[in-house]
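So you can see what is in the structure, the chains are spelled out below.
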Amino acid sequence: MIEFSEFWCIAMDFFEILHDHNPWWRDPGLRRAGGYPLRRDLHGRLLSTLQREGRRAILLFGPRQVGKTILLLQLADDLLAAGWPPHNITYFDFSDDRITRRLTAREVVEARPTGVSADFPRIFLLDEIRSAGAWDRWLKQAVDQKVGRIVATDSAASLLRDDLRESGLGRWDEVGIEGLSLREFLSFHRLSEETAEDTLERQPNLVESYLALGGFPEHALSDDLPETHRRLRSDIVERSVERDLLRAGLDVQRVKDLFVYLIRDSGAEFNAEARSRDLEADPRSVRDWIRELIATRLVVSLERWSQQPAAKLRSRQRIFAADPGLIAAFGPSHVQEPRSRARLFEAAVFRQLRELISADGRLGFFRLDEDLEIDFVCEEAGQTTAIEVTSSVRVRGEKVERLRRAAGRLGATRSLLVHGGSVEEPGREGIEAIALSRFLLAPREILGDLR
Amino acid sequence: MTSPLPLGSQEGSQLAILGRDAVADPAAVAREAVALLNAEGGEIWIGLTTERGSAVGLEPIAGAESERKRLQDFLVDSIEPFPAPSEVEVSVVAVPPGEGSLLCVRCRPAQPLYAYLERSGRWFLRRTGDHARLLSREEIERGFVRRGLVREPQVASAEEILQAAAQVQSMAEWHARGGFWLHLEPGGPQRLDLEALRESDYLFEPAATGNRRTGATFVPASLSGKGPALASDDLGSCLALGRESFNLRIYDNGRVVFRAPLESFVARPDPHHPAPRELSSDELLEYPISVLRLLGRLLGEPGLWQSGLTPAGLVLAQLAFFQLEGWGLRPRSRRASGDFLFWRQPVKVFAAKDFLLDRPLRFPVEEVLQRPDACGFRLIRQLYLAFGFSLSELPPEFDLKLERLILPG
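Everything in this summary refers to the structure shown in the same document. Just so it is clear, the structure is predicted and the values come from calculations on it, not from any experiment.

1. Structural notes on the side chain of Arg378 of chain B
Part 1: Tracing the backbone shows Arg378 of chain B in helix 9 (residues 372-387).
Part 2: Looking at Arg378 of chain B, its side chain comes within polar contact range of the side chain of Glu367 of chain B, at 2.8 Å.

2. Regarding the pairing of strand 6 (residues 88-94) of chain B
The two faces of a sheet get side chains in turn, since along a regular strand they alternate between them.
Residues and elements named next belong to chain B.
Part 1: Pairing of strand 6 with strand 7 (residues 101-107), which is carried by 7 bridges, proceeds in the antiparallel orientation. Within the sheet, the bridge partner assigned to Val93 lies in strand 7 and is Leu102.
Part 2: Linking strand 6 back to strand 7 in an antiparallel pair, the connection comprises 6 residues, with Gly98 at a positive phi of about 85°.

3. Brief notes about the interface of chain B and chain A
Part 1: At the junction of the two partners, chain B supplies 36 residues and chain A supplies 33 residues.
Part 2: Where chain B touches chain A, the interface holds 3 salt bridges.
Part 3: Run the count over chain B and chain A and you get 10 residue pairs in polar contact (both at pLDDT 80 or more).
Part 4: Taken together, the elements giving at least two residues each to the side of chain B that touches chain A come down to helix 5 (194-199), helix 6 (281-299) and helix 7 (334-342) of chain B.
Part 5: Within the side of chain B that touches chain A, the residues separate by chemical class into 13 nonpolar, 10 polar and 13 charged.

4. As for the state of the cysteines
All names here are of chain B.
Part 1: Applying the stated rule across the entire model yields 0 disulfides over all chains.
Part 2: You can see Cys104 has no disulfide; the closest cysteine sulfur is in Cys107, sitting 8.5 Å from it.
Part 3: On the basis of relative accessibility, which here comes to 0%, the residue Cys104 falls in the buried class.

5. As for the packing of aromatic side chains
All names here are of chain B.
Part 1: Counted under the stated rule, the structure contains 24 aromatic pairs over all chains.
Part 2: Where Phe377 meets Phe398, the ring centres are 4.0 Å apart and the plane angle is 5°; that geometry is what we call stacked. In this pair, Phe377 sits in helix 9 while Phe398 sits in strand 22 (residues 398-399), placing the two residues 21 residues apart along the sequence. Taken individually, Phe377 and Phe398 each receive the classification buried, so the pair is uniform in this respect.

6. Notes on helix 9 (residues 206-213) of chain A
Part 1: Within helix 9 of chain A, 8 of the 8 residues are buried, which leaves the element mostly enclosed by the surrounding structure.
Part 2: Within helix 9 of chain A, the full set of buried residues consists of Leu206, Val207, Glu208, Ser209, Tyr210, Leu211, Ala212 and Leu213 of chain A.

7. A few points about the sheet that holds strand 5 (residues 172-176) of chain A
Residues and elements named next belong to chain A.
Part 1: Judged by pairing direction, the sheet is parallel, and its 5 strands sit side by side in the order 2-3-4-1-5 without closing on themselves. One side of each edge strand has no neighbouring strand; the edge strands of this open sheet are strand 2 (89-93) and strand 5. Pairs of neighbouring strands in the sheet enclose a mean axial angle of 15°, with direction left out of account.
Part 2: Across 4 bridges, strand 3 (residues 123-127) lies against strand 4 (residues 149-154) in parallel orientation.

8. Re the nonpolar core
Part 1: Counting 93 residues, the largest nonpolar core has Ile44, Ile46, Val105, Phe321 and Leu324 of chain B as its most contacted members.
Part 2: Per element, the largest residue contribution to this core is 10 residues, and it comes from helix 6 of chain B.
Part 3: Those residues in contact with Val105 of chain B that lie beyond four places of it in its chain are Val29, Gly42, Glu43, Ile44, Ile46, Leu71, Leu75, Val88, Glu89 and Val90 of chain B.
Part 4: Counting 69 residues, the second-largest nonpolar core is a separate cluster that includes Ala196, Tyr210, Leu232 and Leu258 of chain A.

Thresholds, definitions, all that
Residues numbered from 1 in each chain as written. Chains lettered and ligands numbered in written order. Predicted model: local features only at pLDDT ≥ 70, side-chain atom pairs only at ≥ 80, totals over all residues. Heavy atoms only, no water. Helix = DSSP H or I, 4+ residues; strand = E, 2+ residues; numbered from the N terminus. Polar contact = N/O pair within 3.5 Å; in protein donor to acceptor, adjacent residues only side chain to side chain. Pairing = 2+ DSSP bridges. Contact = heavy atoms within 4.5 Å. Salt bridge = Lys/Arg side-chain N within 4 Å of Asp/Glu carboxyl O. Nonpolar A, V, L, I, M, F, W, Y, C, P; charged D, E, K, R; others polar. Disulfide = S-S within 2.5 Å. Buried < 20%, exposed > 50% of the residue type's maximum accessible area, 1.4 Å probe, protein only. Phe/Tyr/Trp six-rings, centres within 6.5 Å; stacked < 30°, edge-to-face > 60°. Axes fitted to C-alpha atoms, helices over the stretch in contact; angles between N-to-C directions. Core = buried A, V, L, I, M, F, W, Y, C linked by side-chain atoms within 4.5 Å.

All we've got here are geometric facts, nothing functional implied.
Structure, rendered in structure tokens:
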């Protein structure tokens, strides 16, 4: 039984933390994201959703370090700036180290500050929701009972379990967030009134910086690559892999080894039997670990493109680093070797394609026999685009010819060769040659023609 | 050949003695050298202690060979007219075994009047007895008169005059726009095979010229929509890359002209006092050095030159920052000082409209081939001096011993 005084102390802790998280309750002029003026592309969409009528919650999921917390705090700041009553906005981070017991989301919602306006709905910005007890049941009820508008985040895709997805149908929208796109990365380096194109024109090396640093906002302005990579390794391995997967009860050391292997061999087809031999583990365990690692969204899978579902099921999937910065951080120093650079390029292109592909579209890789391959096949609205990625700085004839042959066998309606040259070159034989930097800067414009 | 070690000798009209610390203050050595050149010549010994004007002890210099090169470069860049090696020669003098080395600067005048250049001004000095004094106006006038009568071999070649004229022409085009402008002009009749160059990776791939991919280099952004195109302008046939504001042109005589907007050099703003706009030390060093590395590669590849003949002789180098007025610069670098200290150092603001070298620097082709970074550093050093910084306040990312620009990544 909890003594009254003990209970009171705990309760005080919670309220103190809650008030600390919401300084605008005591002073409407206070802001928490003032030091982060840049907004992710996703920000505008979430803000307008919150300001519109509607009861659906938003589940924002993505890997660690991509700016979810900052995004929530920026939403709070912008709602306040738009005139939303301060007491109607509640932010809470369930992973706050000062929390000494397992809190529920219900407690946060029920802790109603004095001054809530009845003319506006309450908005709940709930960070690291997975740390809250029984959060899924609560969220379902909270949406049904219209307690307010809710945006909840977590770093793991356990939010996307099948049973959760069923509960969430009609109740919440799942919104993924990844590392910065090149365009967002450039905005960190933008001078006033400058477009992303102007920024890149002025500082062409920023494409390489993006590949090397990745899309982690905290490091976007770093000018010390080795130190940034060291910190990325430490943050990603210690926090994401070790801490999150330890919670899942996995053999953390071997999962960590597997993670490093996957990142260093990003884009390779995954062979569970071979990896299980390397790791001296059961192949079934290795498959489980892969699923958990994919759930962290630090690695992503790509299936073989095929018109026949059975063939697709038989095929091995390719596993990519979700962000090129991970390859640079975990790979050999400088990433000068062509194969390593190709992995960087592919990860960067894949990151853009994931964002672009619609729910009805299909994305995969194509392979016929052993020598005809296409890195990415994108099918949208009946059009099939073959996208081959090469780190070569020149458009080589043999590469063009192989892509032409593979695209012919695939029946592609359009073929792109994304290359590593930093200056434009004309395409050949019906193949469009596009420099990586141009593709990353304007993928929607380049692929949009298909739709 | 230098004289014997002057231990016990008294400083005089032909002998100046400086302590080991003088290697950190090459401006002081340059003033002494000019003073000797405007008198009867003589020697400056560096690394000796004195008592009442007499050399009494040794103060050996660590890394004497690299200090020698550094000092020789500085003297060549800061004395006018350009002193030939026969006029100003720095040598390393080994002292008794185990005791290290000293430096000796031998000055032999071949012109009637020399000046030490500092911050766009000129110091005319003359050694009198055991000290240097400023020349009087009459002495300077007399020197100029004599200089007008004397043929000046350093700038007399018709080829060099043409090279200088080409620089002025390409500079004039850029002047009105503002921005950074670097012009490298190798001499000689050799012709670069522009088609062969276009097929190489040098213009596409920073790493092919020893540059960082993530670095500030001459390689333009792809969205310029232009590959290297054969073109022709008032200066001749060339390969042109990039757009109007950021572009590189390589001419068939090996001339390289690189231009970039000043905004390409902008530093991350001071979070506490975000004005004025500041130059970044990394970009200041890396852009020009990347171009020197490119030229070094071109000069070292006979296959890129018609008949396999590469230029010999000198490369004239001129650089300018147009419309630099109001831009700021801080000493050293943010990386070396750390954010906390860096932002607390006062920013120096450029007061003149433009920065332009008083005269092009001259690099022997061999030097561009073997020490491109040192050549680029010598160019940018002039900008730091013009801002009013001392040599010890230059960014340490240029390693003086290795003579290489070393940046992470």
